[in-house]
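# Observations on chain architecture
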Amino acid sequence: MIAADASVALLIVALGAWVVVARATFAAVTGFLAYGLLLTLVWVRLHGVDVALTEAAIGGGLTGALLIGAAARLRNTEAAARAERPGRLVRAVAALAALAVTAALAVCVLTLPVPAPSLAREVAANLAATEVGNPITGVLLAFRSMDTLLEAIVLLFALIGVWSVAPDGVWGGRPGPQHRLDPDGILAYIARVLPPIGIIVGMYVFWVGADHPGGKFQGATIIAAMWLLTVMAGLTDMPPISRRWLRIGLVAGPLAFIAIGLYGAVAAGAFLAYPAGFAKPLIVVIELALMPSLALVLALMLAGAPQRSDLR
Amino acid sequence: MRTALDLFTIVAVTGGAFFFLAGTAGLLRFPDTFTRLHALTKADNLGLGLVILGLLPRVDSLVTAGKLVVVWLLVLLSGAVASQLIARAQRRRETHP
Amino acid sequence: MTEFFGAAAVFVLAMVALGLVRILRGPTDADRVMAAQLLGTGGIAALLLVGEATAEPAIADVALTLALLAAFAAIAFVKAAAPTPDADPAAEDRA
């Protein structure tokens, strides 16, 4: 297997270099998609299947679609961007800065202690108290649930950042253009056939995350991708961002998480502590509340800033 | 029994790899978009199909085998739709330069 | 058997890497979309083979997720290659 691992590593490095060097944006984004795919394989080789799932979902599908949408919008400016050439001094400074960062990273990696410090043993010893079988889920939702809460809130901030790019006149409107497609065409066909399958797979990946690789984040990504598919095919339209149900849906997940944290402060002595015996039900409630919010956030981030005012 | 199944796996996976080779060779060497599309779908259908067929004897449960077959069917579906879209867009581009 | 699966995975990846050459040279955007499609399929095959070589039981779930999202990404690529973002990439000329 050494030869296989070595060739994958070589391919990743070569692909990374190519993505940086390629001049056509479309080609670079496709290379980036391939890069995400290879990273998924690497994570599987390292037995990090949860991370591989997330890399396949986010790095493969969502980021690829995001970048290619951006590349399509920038197509008119691409000729101008390719024609400009920075001066010699700028290029020299950039090369020095890149070399310095690489050297610092190399030093850090080479001076890592062996064996690497890890809390895996403590996690394995205490996992039974959380009543979940998957140690990743245990860490994310029991031992380090504060991090997960902050991540959910950071995603909301990122979404507000994306919205803030909208022109004043269309604030509160619908993201993205109006997709006009033949309702009997092939794109409409797959947008009717694939989402039901995708939703079932998404719920399954969410549910199985308690004891096997999976979880709310990967499930939410699949569901967001299916929703965006129906929008891209013109079967539904993105809702205006001023709609009350949308905004309630976005904050409902983090608010439920915070509420459970406060309950834990009262009932078990610390914010986000779980009373004994209640760990699994509370974790399930948190996941059930967070998943719709996550799916909404991810889909809206991909749809972008409002482009059409809400005429209703 | 074990070695017969292993032999089946090796034969099927090798066949799948061969179709991936054929598909990539077609993608690189065929003269225009439509013929390349034809080569590409061979890798989709037969390449992945034979690989999954070869891996089926090694799965530990019927559910996992079902999941693998669903993966193949999904790839078939998306491959068919993407081929249609690519071909029509290319034809449109060629008749309306 | 592990070596065989590892070798098969490397072979499929090499094919996918060769397909990426088509992206670099492809005269039209359609070729680049096709290369993206090949990436998805080859990636799933390589993933299943690597998972078998590493004896990872949950690999079918990752392959399922990848299949769905590769379909989504391929369609996003086709839409992006269309003349305008909201156009129908499969519009028929009904003249």
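Residues numbered from 1 in each chain as written. Chains lettered and ligands numbered in written order. Predicted model: local features only at pLDDT ≥ 70, side-chain atom pairs only at ≥ 80, totals over all residues.

## What about the overall build of chain B?
Secondary structure assignment for chain B yields three helices and zero strands. Reading the helices (α) and strands (β) of chain B from amino to carboxyl end gives α-α-α. A compact globule built from 97 residues would reach a C-alpha radius of gyration of about 13 Å, whereas chain B, at 17 Å, exceeds it by more than 25%. Here the C-alpha coordinates of chain B stretch approximately 60 × 25 × 10 Å along the principal axes. Relative to all contacts within chain B whose residues are 6 or more apart in sequence, the contacts with residues 24 or more apart total 59%. (Helix = DSSP H or I, 4+ residues; strand = E, 2+ residues; numbered from the N terminus. Rg over C-alpha atoms; globule rule 2.2 N^0.38 Å. Contact = placed C-beta atoms within 7 Å.)

## A look at the overall build of chain C
The helix and strand tally for chain C stands at three helices and zero strands. Along chain C, helices and strands appear, N-terminal first, in the series α-α-α. For chain C, buried positions account for 69% of its 95 residues. Within chain C, contacts between residues at least 6 apart in sequence are counted, and of these 53% link residues at least 24 apart. (Buried ≥ 20, exposed ≤ 12 C-beta atoms within 10 Å, placed from the backbone.)

## Comments concerning the interface of chain B and chain A
Listed per partner, the contact involves four residues of chain B and four residues of chain A. Here the side of chain B that touches chain A is composed, by residue class, of three nonpolar, one polar and no charged. (Nonpolar A, V, L, I, M, F, W, Y, C, P; charged D, E, K, R; others polar.)

## Describing the nonpolar core
Buried together is how nonpolar side chains tend to be arranged in soluble globular proteins. A9(C), V12(C), L47(C), L49(C), A63(C) and A67(C) are the most contacted members of the largest nonpolar core, which has 144 residues in total. When residues in this core are grouped by element, the largest group, 20 residues, is from helix α3 (residues 59-81) of chain C. Of the residues that make up this core, three or more belong to each of domain 1 (1-85) and domain 2 (133-312) of chain A. What A67(C) contacts, discounting residues up to four positions off in sequence, is V71(B), L74(B), V75(B) and I44(C). (Core = buried A, V, L, I, M, F, W, Y, C linked by C-beta atoms within 7 Å. Domains from an automatic or database assignment.)

## Examining the interface of chain C and chain A
Counting residues at the interface gives 47 residues for chain C, matched by 52 residues for chain A. Put simply, the parts of the chain that give the side of chain C that touches chain A at least two residues each are α1 (2-25), α2 (29-53) and α3 of chain C. The leading source of residues in the side of chain C that touches chain A is α3(C), at 17 residues. Here the residues of the side of chain C that touches chain A are counted per class, giving 33 nonpolar, six polar and eight charged.

## Let's talk about the environment of A71(A)
In this structure, A71(A) sits in helix α3 (residues 49-73). Separated by 63 residues in sequence, A71(A) and V8(A) have C-alpha atoms that sit 28 Å apart. Those residues in contact with A71(A), other than ones at most four positions away along the chain, are T25(A), F26(A), V29(A) and A80(C).

## Points about unusual backbone geometry
Residue and element names in this part refer to chain A. Of note, H47 is a non-glycine position whose phi angle comes to about 60°, a positive value. Mapped onto the elements, H47 comes out in the loop between α2 (25-45) and α3. Using a count of 11 C-beta atoms within 10 Å as the deciding quantity, one classes H47 as exposed.

## Some remarks on the packing of helix α9 (residues 186-208) of chain A against α3(C)
Axis angle and axis distance: for two packed helices, these are the angle between their axes and the distance between the axes, and together they describe the pair. Put simply, α9(A) and α3(C) touch, their axes get as near as 11 Å, and they point 145° apart. Considering only the axes of α9(A) and α3(C), their crossing is left-handed. Contact residues: L194(A), G198(A), V201(A) and V205(A) in α9(A); D61(C), L64(C), T65(C), L68(C) and A71(C) in α3(C). Across the contact of α9(A) with α3(C), the residue classes tally to six nonpolar, two polar and one charged. (Axes fitted to C-alpha atoms, helices over the stretch in contact; angles between N-to-C directions. Left-handed = near helix turned anticlockwise from the far one by under 90°.)

## What about the packing of helix α1 (residues 2-29) of chain B against helix α2 (residues 33-55) of chain B?
All names here are of chain B. The interhelical angle for the contact between α1 and α2, taken along N-to-C directions, is 165°, at an axis separation of 7 Å. On the basis of the axis angle, α1 is roughly antiparallel to α2. Regarding α1 and α2, the two cross each other, and that crossing is left-handed. Its residues assigned to classes, the contact of α1 with α2 comprises 15 nonpolar, eight polar and two charged. (Parallel < 35°, antiparallel > 145°, perpendicular 65-115°, else oblique.)

## Regarding the environment of F77(C)
Summarising the element assignment, F77(C) is placed in helix α3. The sequence separation of F77(C) and R32(C) amounts to 45 residues, and the corresponding C-alpha distance is 8.8 Å. Apart from residues no more than four positions distant in its own chain, F77(C) is found in contact with I68(A), V33(C) and A36(C).

## What about helix α1 (residues 2-21) of chain A?
Residue and element names in this part refer to chain A. A rise of 1.5 Å per residue sets the reference length of α1, with its 20 residues, at 28 Å; its end C-alpha atoms lie 29 Å apart and thus fit the reference within 8%. Residues of α1 that are buried include every one of A4, V8 and L11, and no others. The arc that holds every buried residue of α1, seen down its axis, measures 60°, which confines them to one face. In α1, the exposed residues that point more than 90 degrees away from the buried face are I2, A3, A6, A9, L10, V13, A17, V20 and V21. (Expected span 1.5 Å × (residues − 1). Arc of directions from axis to C-beta.)

## Re helix α10 (residues 216-232) of chain A
All names here are of chain A. The terminal C-alpha atoms of α10 lie 24 Å apart, and with 17 residues this matches the ideal 24 Å at 1.5 Å per residue to within 8%. With 16 of 17 residues buried, α10 lies mostly within the body of the structure. Where α10 terminates, the next one or two residues include G234, which has phi positive at roughly 80°.

## So, the confidence of the model for chain C
Scored by pLDDT, chain C comes out at a mean of 81, with 84% of its residues at no less than 70. When pLDDT is averaged over each element of chain C, α3(C) comes out on top at 88 and α1(C) at the bottom at 82. (pLDDT = per-residue confidence, 0-100.)

## Side note on the confidence of the model for chain B
Of all residues in chain B, 99% have pLDDT values of 70 or greater, and the mean over the chain is 87. Per-element mean pLDDT across chain B ranges from 87 in α2(B) up to 89 in α1(B).

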